[in-house]
Amino acid sequence: MATLHNLKIKNFRGILNFEQTFKQGLTCIIGRGDSGKSTIIDAIACVLSSSWSINFYDSDFCNCQIENPIEIEATLKNIPDKLLTKFGMYVRGIKDDGTIIDDMESDAAHDAELAISIRLTVTKELEPTWEVVSYRGQEPVNISASYRAKLKAFTISDYSDRHFSLNKGNPLYTLLKGLENEIDNEENTILEMLREAKGNIDSVISSKFESVIKKVKEESSNLGVPTNDLLATIDHRDISIKENKVCLHEENIPLRLKGKGSKRIISLAIQIAVANPNGIILIDEIEQGLEPDRVQHLVSILKAYTNFQIFFTTHSSNVIVELAASDLFIMREDETKFLPVPEELQGCIRKNPEALFAKKIIVCEGATEVGMCRALNAYMQSVGKKSLTYCGVRLADGAGSNMIQYAEDFKALGFDVCLFCDSDVSEINDKKNQLNDIKVIDCQDGYAIEQQLFADLSWDSVVKMVDYRREFDGIENQAIFDSIYSVSTTKPAYTENWYTNESDDVRTQFGNKAKDKDWYKRIDHGEKIGEIVFDEFNVLGDDKKIKLIFQKLIEWVEK
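The structure displayed is predicted, hence computed values, not measured ones.

1. Focus on the overall build of the chain
1) Next: Secondary structure summary: the chain contains 19 helices and 20 strands in total.
2) Next: Against the 2.2 N^0.38 benchmark of 24 Å for 559 residues, the chain shows a C-alpha radius of gyration of 34 Å, more extended than a compact globule.
3) Next: Once the C-alpha set of the chain is aligned to its principal axes, its extents read approximately 130 × 70 × 40 Å.
4) Next: The long-range fraction of contacts in the chain, counting pairs at least 24 apart against all pairs at least 6 apart in sequence, stands at 70%.
5) Next: Charged side chains of the chain number 66 positive and 89 negative; the gap between the two group centres comes to 3 Å.

Rendered as structure tokens:
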């Protein structure tokens, strides 16, 4: 089966210009809604379609500019022999570096893979034409639906019910003909089976109607009409059942009545069987109708089909975590090609798969900061501001020292990036000061977020933060006291209400202990502490660093 090497798109739906060279194996296309992911899948399906015609509308032209034709050109290698024979004068070459060449008599063509290019053109008359093209001066030549069918490219989509019937052009029909080695034979297999069945039924009917036939023959003979070969059989016109009336069932239930997820998987199974041992499989939104465990199992199985070329889109983080970074390609609105995801982001992707679907990313130093940003999101909505989701913002856990690399990698992928972090490690401070085009929002010099909180919040909030940690751990008041003053040379006498009396020294001790003992190093802990912050946010002094931090985050989210 053919392999798609290069795709060019002009003036198709939301894409003005696009060109991409593809690899064997999986290509997972991700991005925000309306970025063009599904358009890429549809473009491949259209140019390789086995249908003799496809309906196009003015809305299929980019910005409805019908004066500019739609052009979709696919360059394919591993071409079936029948296509190479038919279109030998239009063969092109693909060099080891992926470059496409047309001079097949040059030295460069000596080791090049043979390829052909198929171009679909739709003008304002809305009549699609498919042609094989080259760039050696020949006029393009039409390629029929039957020859395009030999490429065996089908799409798994919401309209897969027809895949379970034996209509011509459907993958089940192609599978039947392929298994019979009758691809070019137009014989109606079902009709032949019915003819055979008719013969068997007729013999039974004749014996049952023997006395009737005898009586009719006698009376006909008396009336002067000989009927020596009179038989009782099924009329031929009553067995003219076409193959499109045959569809797959599970017991007595048509497969078209199964759930969406199951139907899509069975449709995919048919296409894999059709394309075997290799081929092109197209799936729009692979996760539709599937539970997280089923879609993860499906993706892991598809990864093993290394001889296939599989293209699919997704909005699911469950899909992302099953894939290697090299399988992921980001599609952005108005971009002319995909953005590949670097392998260095593999760990970050597994930890923050949702971030790849965002427009903007806040890289949080750790779980505490992620939780506090979740609290920020709730606060913004409570005061009538737009949510992080509305603004296209996702949170990514920077996993501590990896946050600088994560921020740089997300920026390289075209995301607008903000880094929310501590300022207590000089080596990290040096690196973040060298970041370009990345907004850095951090604590005051030498402070971690825990120390900043205990330094800036009201004493009532300090008490709430300590009580939360103490109650969560089930720690007695005395134990907290001993922990705070474990290394102090001026340990005061313990009293039950020792921490309800405001003291700068106790603030410092709490901040240091919260940092060193990871009091809030979980998202839910950070979210709870964030709630305490925003309970008093409006009355915090403007000179407080913790208030400035969140004001800057709000400004960045809303810009």
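2. Regarding the sheet that holds strand β15 (residues 328-330)
1) Next: One open sheet accounts for 6 strands, arranged β10-β13-β14-β3-β15-β16; its pairing is mixed. Every other strand in the sheet has two partners, leaving β10 (153-156) and β16 (339-340) as the edge strands with one partner each.
2) Next: Along the sheet, helix α1 (residues 37-47) contacts β3 (25-30), β10, β13 (279-283) and β14 (308-313); its crossing angle with β14, the most-contacted strand, is approximately 140°.

3. Digging into the pattern of salt bridges
1) Next: Here the structure, examined in full by the defined rule, presents 24 salt bridges.
2) Next: For the salt bridge of Lys23 with Asp327, the shortest nitrogen-to-oxygen distance reads 3.5 Å. With Lys23 in the loop between β2 (15-21) and β3 and Asp327 in the loop between α9 (317-320) and β15, this residue pair connects regions lying 304 residues apart in the sequence.
3) Next: Under the relative-accessibility criterion, Lys23 is labelled partly exposed at 29%.
4) Next: Of the residues examined, Asp327 reaches a relative accessible area of 10% and is grouped as buried.
5) Next: For Arg119, the salt bridge identified is with Glu131, shortest N-O distance 3.9 Å. Of this pair, Arg119 sits in strand β7 (residues 113-122) while Glu131 sits in strand β8 (residues 128-133), and the two are 12 residues apart along the sequence. Each member of the pair Arg119 and Glu131 is classed as buried.
6) Next: The network of salt bridges with common partners includes Arg13, Asp42 and Asp60.

4. What to know about empty space enclosed by the protein
1) Next: Summed over all chains, the structure comprises 1 cavity of 30 Å³ or more.
2) Next: In this structure, the largest cavity is lined by Ile156, Arg264, Ile265, Leu268, Ile283, Ile286, Leu290 and Leu298.
3) Next: Among the elements that take part in the lining of the largest cavity, helix α7 (residues 260-275) stands out by supplying 3 residues, more than any other.

5. What about the nonpolar core?
1) Next: Counting residues in hydrophobic clusters, the biggest one holds 51 residues, and the most contacted among them are Ile362, Phe510, Phe550 and Leu553.
2) Next: Other than its neighbours up to four places away in sequence, Leu553 contacts Ile362, Cys373, Leu376, Cys418, Phe420 and Ile441.
3) Next: If you look at the next biggest cluster of nonpolar residues, it comprises 48 residues, including Ile349, Ala355, Leu419 and Cys421.

6. Considering the pairing of strand β18 (residues 393-397)
On a regular strand, each side chain points to the face opposite its neighbour's, so the side chains alternate between the two faces of the sheet.
1) Next: Burial within β18 is extensive, with 4 of its 5 residues counted as buried.
2) Next: Note that strand β17 (residues 360-364) and β18 share 5 bridges and pair parallel. Bridge pairing in β18 links Cys364 to Asp397.
3) Next: Note on the crossover from β17 through helix α11 (residues 367-382) to β18: the handedness is right-handed.

7. As for the packing of α11 against helix α18 (residues 523-535)
1) Next: In the contact formed by α11 and α18, the axes pass within 6 Å of each other and the chain directions differ by 45°. Between α11 and α18, the crossing angle belongs to the class labelled oblique. Remark: the crossing between α11 and α18 carries right-handed chirality. Contact residues: Ala367, Thr368, Val370, Gly371, Met372, Arg374, Ala375, Leu376 and Tyr379 in α11; Ile523, Gly526, Glu527, Gly530, Glu531, Val533 and Phe534 in α18.
2) Next: Split by residue class, the contact of α11 with α18 holds 9 nonpolar, 4 polar and 3 charged.

8. Structural notes on a nonpolar patch on the surface
1) Next: Together, Phe209, Val212, Val216 and Leu230 make up a nonpolar patch on the protein surface, roughly 310 Å² of accessible area in all.
2) Next: Of note, Val212 is situated in helix α6 (residues 210-222).
3) Next: We classify Val212 as partly exposed; its relative accessible area is 45%.

9. Re the side chain of Thr27
1) Next: Along the chain, Thr27 turns up in strand β3.
2) Next: Thr27 has contacts with Phe22, Ile310, Phe311, Phe312, Asp327, Phe329 and Phe338, leaving out every residue within four places of it along the chain.

10. A short note on the sheet that holds β17
1) Next: Strand order in this open sheet of 4 strands is β18-β17-β19-β20, and the pairing throughout is parallel. Only two strands of the sheet have a single neighbouring strand rather than two, namely β18 and β20 (439-442). Direction aside, the axes of adjacent strands within the sheet are offset by 20° on average.

11. A short note on the packing of aromatic side chains
1) Next: In the structure shown here, the tally under the stated rule is 23 aromatic pairs.
2) Next: Taking the centre distance of 6.0 Å and the plane angle of 70° together, the rings of Phe420 and Phe550 count as edge-to-face. One end of the pair, Phe420, is in strand β19 (residues 416-421); the other, Phe550, is in helix α19 (residues 545-558), with 130 residues separating them in the sequence. Phe550 shares its class with Phe420; the two are buried.
3) Next: Three or more aromatic residues link up through ring pairs in this structure, and these residues are Phe454, Phe481, Tyr485, Tyr494, Trp498, Tyr499, Phe510, Trp519 and Tyr520.
4) Next: Its end group placed over the ring of Tyr147, Lys150 keeps NZ or CZ at 5.6 Å from the ring centre.
5) Next: Lys386 extends its terminal NZ or CZ atom over the ring of Tyr390, reaching a point 4.8 Å from the ring centre.

Criteria and cut-off values
- Starting from 1, residues in each chain are numbered consecutively following that chain's sequence as written.
- Residues qualify for local features only when their pLDDT is at least 70, as the model is predicted, and side-chain atom pairs are given and counted only at 80 or more; totals for whole chains, interfaces and linings, by contrast, use all residues.
- With hydrogens and water stripped out, all remaining heavy atoms of the structure feed into the side-chain values.
- Strands are runs of DSSP state E lasting at least two residues, helices are runs of H or I lasting at least four, and both sets are numbered from the N terminus onward.
- Each radius of gyration reported is based on C-alpha atoms, and the globular scaling rule is 2.2 Å times the count of residues to the power 0.38.
- The criterion used for residue contact is that any of the two residues' heavy atoms lie within 4.5 Å.
- Residues counted as positive are Lys and Arg, residues counted as negative are Asp and Glu, and His and the chain ends are not counted.
- By convention, charge coordinates are those of NZ in Lys, CZ in Arg, CG in Asp, or CD in Glu.
- Think of it this way: DSSP has to see at least two bridges between two strands before they count as a pair.
- Every axis corresponds to a line fitted to the C-alpha atoms, with the helix fit spanning only the stretch in contact, and the corresponding angles, defined between N-to-C directions, vary from 0 to 180 degrees.
- By definition, a salt bridge exists where a carboxyl oxygen of Asp or Glu is found within 4 Å of a side-chain nitrogen of Lys or Arg.
- Only protein chains enter the accessibility calculation, which uses a 1.4 Å probe; a residue whose area is less than 20% of its type maximum is buried, one above 50% is exposed, and one in between is partly exposed.
- Cavity means a closed set of points on a 1 Å grid over the protein atoms alone, one where a 1.4 Å probe fits but cannot get out, pocket means an open set with protein on both sides within 12 Å along at least 5 of 7 lines, and lining means a residue has an atom within 4 Å of a point.
- Grid points are joined across faces, edges and corners, and a volume is the space filled by probe spheres set on the points.
- Throughout, nonpolar core names a set of buried Ala, Val, Leu, Ile, Met, Phe, Trp, Tyr and Cys residues whose side chains join them through atoms within 4.5 Å.
- Think of it like this: strands point away, you trace from the first strand over the helix to the second, and a clockwise trace means the crossover is right-handed.
- To sort the angles, those under 35 degrees are grouped as roughly parallel, those over 145 as roughly antiparallel, those from 65 to 115 as roughly perpendicular, and the leftovers as oblique.
- Helix crossings fall into two classes, left-handed where the near helix is turned counterclockwise from the far one by less than a right angle and right-handed where it is turned clockwise.
- All amino acids are sorted into three groups, where Ala, Val, Leu, Ile, Met, Phe, Trp, Tyr, Cys and Pro are nonpolar, Asp, Glu, Lys and Arg are charged, and the leftover types, Gly among them, are polar.
- Candidates for patches are residues over 30% relative accessible area with no salt bridge; among them, like charges are joined within 9 Å and nonpolar side chains (Val, Leu, Ile, Met, Phe, Trp, Tyr) within 5 Å.
- With residues, only the protein chains shown are counted as cover, and all accessible areas are computed by Shrake-Rupley using a 1.4 Å probe.
- Pairing of aromatic side chains requires ring centres within 6.5 Å, counting the rings of Phe and Tyr and the six-membered ring of Trp. Pairs whose planes differ by under 30 degrees are stacked, by over 60 edge-to-face, and all others tilted.
- The rule is short: NZ of Lys or CZ of Arg within 6 Å of the ring centre and within 35 degrees of the ring normal puts a charge over the ring.

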